[in-house]
Amino acid sequence: MEDYAYILDYLPQGAQGAGFGKKEPLCYAIGDEEFKLFELVPKAGVMVNIGVRTYIGKDDAGKRDMIDHVKRRINFDDLTNNAVAELDYALTEIVMSKQDRFVAFFNEAQPISMRKHLLEELPGLGKKYMAAVLEERKKQPFTDFADLSARTGIKNPEKLIVARIHLELSDKERKRYLFVKCPERAN
């Protein structure tokens, strides 16, 4: 269940090709827990800024200040070009704000098979750095990305996580999901 999402794009005139009827403004967004993609309808008269984190959960307490309702779940292919361009910025913001969750992945990842380790699923992380992660975490768990980077030599480990999440969102043929909790696809 997503309670918060980051705005990736705002279309004040609605989506193109949406017919000849009255077009409602739309926002494209990504949830910050399960990385679900959404088409949202903003409240009338509200100024929507790209990159902003906003509440989209059940509005029992009147917490929705920007979004009127979630129109539908969408797939990566439904995103606008602007939303795709903003995606990695939003993912980086999410990963950095939830650093403990992703550092725990480096601390707890296990082998998948006799020949492959779960850490190797991160784009750009080769056997040399994987071995460094495994060796260093035996000594002491990593505390944050800075500690991980300093002890293993991996520059910007958050970018590895962002690249993996982006891959999970965009690749329809993906069989293993590490961070995105939506292997089923939206309609």
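See the structure printed just above.
Residues numbered from 1 in each chain as written. Predicted model: local features only at pLDDT ≥ 70, side-chain atom pairs only at ≥ 80, totals over all residues. Heavy atoms only, no water.

When its secondary structure is counted, the chain shows 5 helices and 5 strands. Of the regular secondary structure in the chain, the N- to C-terminal order runs β-β-β-β-β-α-α-α-α-α. Along the longest, intermediate and shortest principal axes, the C-alpha atoms of the chain span 60 × 35 × 25 Å. When contacts within the chain are restricted to residue pairs at least 6 apart in sequence, long-range pairs at least 24 apart make up 57% of them. Per element, the accessible surface of the chain, about 10400 Å² overall, is 50% carbon and sulfur. In the chain, which carries 30 positive and 30 negative side-chain charges, the distance between the mean positions of the two groups comes to 5 Å. (Helix = DSSP H or I, 4+ residues; strand = E, 2+ residues; numbered from the N terminus. Contact = heavy atoms within 4.5 Å. Areas by Shrake-Rupley, 256 points an atom, 1.4 Å probe, with all protein chains shown as cover. Lys, Arg positive; Asp, Glu negative; His and termini not counted. Charge placed at Lys NZ, Arg CZ, Asp CG, Glu CD.)

A few words now on the sheet that holds strand β5 (residues 67-74). Ordered in space as β4-β1-β2-β3-β5, the 5 strands form an open sheet in which the pairing is antiparallel. Two strands close off the open sheet at either side, each with one partner strand: β4 (53-55) and β5. Strand-to-strand twist of the sheet, defined as the mean angle between neighbouring strand axes without regard to direction, takes the value 45°. Pairing between strand β2 (residues 26-31) and strand β3 (residues 37-42): 4 bridges, direction antiparallel. Paired with tyrosine 28 across the bridge in β3 is glutamate 39. (Pairing = 2+ DSSP bridges. Axes fitted to C-alpha atoms, helices over the stretch in contact; angles between N-to-C directions.)

Tallied over the full model, the rule gives 16 salt bridges. In this structure, lysine 71 engages glutamate 24 in a salt bridge whose closest nitrogen and oxygen atoms are separated by 3.2 Å. With a gap of 47 residues between them, lysine 71 in strand β5 and glutamate 24 in the loop between β1 (4-11) and β2 connect regions that are remote in the sequence. On the basis of relative accessibility, which here comes to 41%, the residue lysine 71 falls in the partly exposed class. (Salt bridge = Lys/Arg side-chain N within 4 Å of Asp/Glu carboxyl O. Buried < 20%, exposed > 50% of the residue type's maximum accessible area, 1.4 Å probe, protein only.)

Another aspect to go through is the side chain of glutamate 158. Within the secondary structure, glutamate 158 sits in helix α5 (residues 157-170). One buried charged residue, glutamate 158, remains without a salt bridge, the closest side chain of opposite sign being lysine 159 at 6.2 Å. Aside from chain neighbours lying at most four places away, what touches glutamate 158 is Val95, Met96 and Phe145.

This part takes up the environment of leucine 91. On the secondary structure map, leucine 91 appears in helix α1 (residues 81-97). Separated by 59 residues in sequence, leucine 91 and aspartate 32 place their C-alpha atoms 8.2 Å apart. Each residue touching leucine 91, except ones within four places of it in the same chain, is listed here: Ile30, Phe35, Val162, Ile165 and His166.

With that out of the way, let us pick up the side chain of aspartate 9. Topologically, aspartate 9 is positioned in strand β1. As a buried residue without a salt bridge, aspartate 9 has its nearest oppositely charged side chain in arginine 72, at a separation of 12 Å. At a separation of 2.5 Å, a polar atom in the side chain of aspartate 9 contacts the side chain of threonine 80. What aspartate 9 contacts, discounting residues up to four positions off in sequence, is Leu26, Cys27, Tyr28, Ile50, Thr80, Asn82 and Ala83. (Polar contact = N/O pair within 3.5 Å; in protein donor to acceptor, adjacent residues only side chain to side chain.)

A few words now on the packing of helix α3 (residues 127-139) against helix α4 (residues 145-152). For the pair α3 and α4, interaxial distance at closest approach is 9 Å and the crossing angle is 110°. Classified by the angle between their axes, α3 and α4 sit roughly perpendicular to one another. The two elements α3 and α4 meet at a crossing, and its hand is right-handed. Contact residues: Tyr129, Ala132, Val133, Glu136 and Arg137 in α3; Leu148, Arg151 and Thr152 in α4. Taken together, the residues of the contact of α3 with α4 sort by class into 4 nonpolar, 1 polar and 3 charged. (Parallel < 35°, antiparallel > 145°, perpendicular 65-115°, else oblique. Left-handed = near helix turned anticlockwise from the far one by under 90°. Nonpolar A, V, L, I, M, F, W, Y, C, P; charged D, E, K, R; others polar.)

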